[in-house]
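Observations on chain architecture
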Amino acid sequence: MGGINPVKWWLFLYLSTYLTINNIALSSTNNGVSKKTYIVHMDITAIPTTFTDHVSWYSSLVKSVAVPLDDFNEEEEEERVMYTYQSAFHGMAARLSEEEAERLEDQNGVVSVLPEVRYELHTTRSPMFLGLEPQDSTSVWTDKLTDHDVVVGVLDTGIWPESQSFNDTGFTPVPAHWRGGCEVGRGFEKRHCNKKIVGARAFYRGYEAATGNINEEKEYKSPRDQDGHGTHTAATVAGSPVHGANLLGYAYGTARGMSPGARIAAYKVCWTGGCFSSDILSAVDKAVTDGVNVMSISLGGGVSSYHRDSLSIAAFGAMEKGILISCSAGNGGPDPVSLTNVSPWITTVGASTMDRDFPGSVKLGSGAMLKGVSLYKGRRNLSPKMMYPVVYTGSNSSSPDPGSLCLEGTLDPHVVSGKIVICDRGISPRVQKGQVVKQAGGIGMILSNTAANGEELVADCHLLPAVAVGEKEGRAIKQYAMTGRNPTANLAFYGTKIGIKPSPVVAAFSSRGPNFLSLEVLKPDLVAPGVNILAAWTGDMGPSSLETDRRRVAFNILSGTSMSCPHVSGVAALLKARHPEWSPAAIKSALMTTAYIHDNTYHPLHDSSTGGLSSPYDHGAGHINPSKAVDPGLIYDIGPQDYFDFLCTQGLTRIQLMVFAKYSNRTCHHSLSGPSDLNYPAISVVFPEDKRVSSLTVHRTVTNVGPPLSKYHVVVSEFKGVNVKVEPSTLNFTKKYQKLSYKVTFTTKTRQTAPQSGALIWKDGVHRVRSPVILTWLSPL
């Protein structure tokens, strides 16, 4: 148990506007009226008897509100309704003027009309680090398990089918339940799908409506991945083993996905100008129809209330069909309240480090040697026998300014030519700073963290000799460069090192809680490897993703919650294969209650940004532990109606709830006394401002998925200023899948100014079912 930095509750009010998704301003003009894309949610039960199908009904509704009415023609009608949705939820994406959108919202059967939203991508040793390498025949992940028929849908930038990570040698035929297709287009043919890549589709109508037609000479208007991000995430989820994988000699070994026997369905929803909600929703809708079992979505677009978040609504519909949705938490850390994808029915994944690193060093003319990281491997090597002049163009060693960020056009060749240049992180991509240095005549770069990044080190495949260093080292180097007489330095690179301690550590960039929409639902759910991850890469882009990079590699090393999300998606696919009867909530519960919160030095998990201890707002339930998750003992199951009843506690109107009701017969059962009673694997209790409320009780129900005869006893943390009582304190199971309930009462002795964290653990001598517990006292604004 430990205290957490005090939460400034006024911050929530400020961030509610700051984090709310910005609507897309891009629009087109037709007949002199500006039009944008809107997502229209429909109540399918309201379809008039005069219509035989929903498509004609939707077209008729759009036609009825068109302005001016007499200018509406058949050609425009085709363009107006861009997508219809019918599997994850009911509705359409349509091009409307603001006036038309307002008029449409008043029509019978229309539940809500939401503006198009732009999402951004949240940019191999991990299987071994996670204990997934079958070391011997007793491994829980046997070879037979790799013959399973679980399909993971990856919503991203597409796929590079030639990669050896998608080799289907030895695979059984495509699963009988798979109903998806293999769409063809430039650079992508039917033959590119196989028994590993069972489906591939591209979605671009929303993107083109907002940005104009795709230039097919420069971008593949097909499932082929030009960017590399989608290939990397798909290979991380379910890549086939590739021996001798490496990036320019770094991270040499066997690359394999978390679930190498799973099938992949690639849904290309992201393009050079971003990812648009109408396309993403169409992909989710199609994936449900196609028959995916897990969806991996490494992108996000800020936070909006549940009923106005179309991805959340679509994910709810997918969950109803038994599909687990895994999403990245975002790269907004270490700022608090920076999470995206926070709905309880979504598995929200933060990022952590592994025990592998790519060390480099900076040697100063003063004799000081400072450690850093790098993935540089090129011809422009610096002589180890020489020292080179070093320069810092900033004005202050402790905070960045325009002169220190090495932005395009800011470096004077007369000042930096022939020198190693110190650049501060921020604003522009890290590798782009190196390109700016190179173009200005610099011979090397020292990339310095700022306070926002702390001591976290992210390795990059730079275009010139470059080493990234932490904030403290960077400050020392900058101080030397600014005050030393004829300052000099040299850079060295040491390849790949494993066994790094401590690890894992929560990544500084990983988005943090608390969950602004519902403090009673702890987010992120857990963390997984997301720093310096090796996986397959596109053949169309260099490892730095810069246009000037002419290098081509089969594998690349990337960092981001985009990388941690597919780790969880792949492990979820393994659990689905082992336990096909488990619901999405059961799989999530198994992942959360078996997660660990200690590093490989047996100390509590640390936070990269501060160097101090991380909290559940940073790491959620902890770090994913696949070998334990396969046999969790107990699970906290949650059905669609339970989630709906949670929404009923969120102050939504009947109309707002209807977007989740899907069918008119889903109503509030009022089974929860409050949001804290959702049967979530984590427990978050919020004491209101009213000081008279000193005692709160939450209820949970666990399902026995272990031995039929099992007896569990509870262990709960001591909390500062709070008494905790669990009733009953023992649970006696007599059969498998039996459900037993318990309640936890928290009684405040002294209200605390900072949230308090701890855990509630059920033990039977074999299993350890851990729920993180966080207590928060709201103070008057």
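Below: a short report on this structure. Predicted, not measured: the structure shown is a model, and the values here were computed from it. (Residues numbered from 1 in each chain as written. Predicted model: local features only at pLDDT ≥ 70, side-chain atom pairs only at ≥ 80, totals over all residues. Heavy atoms only, no water.)

1. Quick look at the overall build of the chain
Quick note on the threshold: Strands are runs of DSSP state E lasting at least two residues, helices are runs of H or I lasting at least four, and both sets are numbered from the N terminus onward. What the globule rule says is 2.2 Å times the number of residues to the power 0.38, and the radius of gyration is computed from C-alpha atoms. Exposed residues in this analysis have more than 50% of their type's maximum accessible area, buried residues have under 20%, and partly exposed residues fall in between, with area computed by a 1.4 Å probe over protein chains only. For the area figures, the Shrake-Rupley method with a 1.4 Å probe applies, and any residue is considered shielded solely by the protein chains shown. Only four residue types enter the charge count, namely Lys and Arg as positive and Asp and Glu as negative; His and the chain termini do not. Throughout, a charge is located at the NZ atom of Lys, the CZ atom of Arg, the CG atom of Asp or the CD atom of Glu.
Across its full length, the chain carries 18 helices and 39 strands. Scaling as 2.2 N^0.38, a compact globule of 781 residues should have a C-alpha radius of gyration of about 28 Å, and the chain matches this with 27 Å. In terms of its C-alpha atoms, the chain occupies a principal-axis envelope of roughly 80 × 70 × 60 Å. Burial analysis of the chain (781 residues in total) assigns 61% to the buried set. In the structure as shown, the chain presents an accessible area of about 29,800 Å², 51% of it carried by carbon and sulfur atoms. Side-chain charges in the chain split into 72 positive and 70 negative, and the spacing between the mean points of these groups amounts to 9 Å.

2. What about the side chain of His-462?
What counts is decided by this rule: Residue contacts are counted whenever heavy atoms from the two residues lie within 4.5 Å of one another.
One can find His-462 in the loop between β24 (444-448) and β25 (466-469). Residue contacts for His-462: discarding those within four places in its chain leaves Ser-374, Tyr-376, Arg-430, Val-431, Met-445, Leu-447 and Arg-551.

3. A word on the packing of aromatic side chains
Note the following rule: Side-chain rings of Phe, Tyr and Trp (the six-membered ring for Trp) are treated as a pair once their centres are within 6.5 Å; stacked means planes under 30 degrees apart, edge-to-face means over 60, and tilted covers the remaining angles. Criterion for a charge above a ring: Lys NZ or Arg CZ within 6 Å of the ring centre, and within 35 degrees of the ring normal.
Applying the stated rule across the entire model yields 19 aromatic pairs. Geometrically, the ring pair formed by Tyr-85 and Phe-89 is tilted, given 4.9 Å between the ring centres and 35° between the ring planes. Phe-89 shares its class with Tyr-85; the two are buried. Consider the rings of Tyr-742 and Trp-762, whose centres lie 5.0 Å apart with planes at 65°: the pair is edge-to-face. Here Tyr-742 is found in strand β37 (residues 739-748), whereas its partner Trp-762 is found in strand β38 (residues 756-763), with 20 residues between them in sequence. Each member of the aromatic cluster is reached from another via a ring pair, and the members are Tyr-306, Phe-316, Trp-345, Tyr-643, Phe-646 and Phe-660. The ring of Trp-160 is capped by Arg-224, whose NZ or CZ atom sits 4.4 Å from the centre of that ring. Across the ring face of Tyr-250, the terminal group of Lys-377 is positioned such that the distance to the ring centre comes to 5.7 Å.

4. Describing the state of the cysteines
Keep this limit in mind: Disulfides are defined as pairs of cysteine sulfur atoms found within 2.5 Å of each other.
Considering all chains together, one arrives at 4 disulfides under this definition. One disulfide in the model links Cys-648 with Cys-668; its S-S distance is 2.0 Å. Between Cys-648 and Cys-668 the sulfur-sulfur dihedral comes to about -90°; the bridge is accordingly left-handed. Separated by 20 residues along the polypeptide, Cys-648 in helix α17 (residues 640-648) and Cys-668 in the loop between α18 (654-661) and β32 (683-687) bring together distant segments of the chain. Sequence-ordered numbering of the bonded cysteines in the chain gives a pairing of 1-2, 3-4, 5-6, 7-8. Looking at Cys-327, it has no disulfide partner, and the nearest cysteine sulfur is the one in Cys-565, 6.1 Å off.

5. A few points about the packing of helix α8 (residues 277-290) against helix α9 (residues 310-320)
What counts, and what does not: For helices, the axis comes from a line fit to the C-alpha atoms of the stretch in contact; other axes are also lines fit to C-alpha atoms, and the angle between any two N-to-C directions lies between 0 and 180 degrees. For this classification, under 35 degrees means roughly parallel, over 145 means roughly antiparallel, 65 to 115 means roughly perpendicular, and everything else is oblique. In the scheme used here, Gly and all other residues not listed as nonpolar or charged are polar, with Ala, Val, Leu, Ile, Met, Phe, Trp, Tyr, Cys and Pro taken as nonpolar and Asp, Glu, Lys and Arg as charged.
It is at 10 Å that the axes of α8 and α9 come closest, and there the two elements cross at 0°. Here α9 runs roughly parallel to α8, going by the angle between their axes. On α9, the residues touching Ile-280, Leu-281, Val-284 and Val-288 of α8 are Ser-310, Leu-311, Ala-314 and Ala-318. Class assignment for the residues of the contact of α8 with α9 results in 7 nonpolar, 1 polar and no charged.

6. Some points on the nonpolar core
Which entries qualify depends on this criterion: The nonpolar core is taken to be a set of buried Ala, Val, Leu, Ile, Met, Phe, Trp, Tyr and Cys residues, with the residues joined through side-chain atoms within 4.5 Å.
Residues Met-295 and Trp-345 are the most contacted members of the largest nonpolar core, which totals 143 residues. Those residues in contact with Met-295, other than ones at most four positions away along the chain, are Gly-153, Leu-155, Val-284, Ala-287, Val-288, Ala-318, Ile-323, Leu-324, Ile-325, Ser-326 and Ser-569. Ile-683, Val-702, Val-714 and Val-744 belong to the second largest nonpolar core, which has 23 residues in total.

7. Brief notes about the sheet that holds strand β33 (residues 695-704)
We count it as follows: When DSSP finds two or more bridges between a pair of strands, those strands are recorded as paired.
Strand order in this open sheet of 4 strands is β31-β33-β37-β35, and the pairing throughout is antiparallel. One side of each edge strand has no neighbouring strand; the edge strands of this open sheet are β31 (634-635) and β35 (722-727). Bridge count between β35 and β37: 6 bridges; the pairing is antiparallel. Across the sheet, Lys-725 pairs through a bridge with Thr-745, a residue of β37.

8. Considerations on unusual backbone geometry
The linkage connecting Ser-503 with the following residue, Pro-504, adopts the cis geometry, with an omega of -5°. Structurally, Pro-504 is set in the loop between β27 (497-498) and β28 (526-529). Even without being glycine, Asn-341 reaches a positive phi, approximately 55°. For Asn-341, the position within the fold is in the loop between β17 (324-328) and β18 (346-352). Judged by relative accessible area, Asn-341 falls into the buried class, the value being 7%.

9. Here we look at the pairing of strand β22 (residues 388-392)
With respect to burial, β22 is a largely interior element, 4 of its 5 residues being buried. With 2 bridges connecting them, β22 and strand β26 (residues 488-493) associate as antiparallel partners. Its bridge partner lying in β26, Tyr-388 is registered against Ala-489.

10. Regarding the sheet that holds β18
Overall, parallel pairing links the 7 strands, which are arranged β9-β12-β8-β15-β17-β18-β28 in an open sheet. For this open sheet the edge positions go to β9 (197-202) and β28, each flanked by a neighbour on one side alone. The mean angle between the axes of side-by-side strands here comes to 25°, regardless of whether they run parallel or antiparallel. Here 5 bridges tie β9 to strand β12 (residues 263-268), and the two strands are oriented parallel to one another. Bridging across to β12, Gly-199 finds its partner in Ala-265. Most of the contacts of helix α13 (residues 561-578) go to β18, to which it runs at about 125°, and overall it touches β8 (151-156), β15 (294-297), β17, β18 and β28.

11. Regarding the pairing of strand β11 (residues 250-255)
Strand direction decides the pairing type here: strand β10 (residues 242-247) and β11, joined by 3 bridges, are antiparallel. Its bridge partner being in β11, Ala-245 is matched across the sheet by Gly-253. Here β10 folds back onto β11, and the loop between the two strands holds 2 residues, one of which, Leu-248, carries a positive phi near 50°.

Function-wise, these values are silent; they only describe arrangement.
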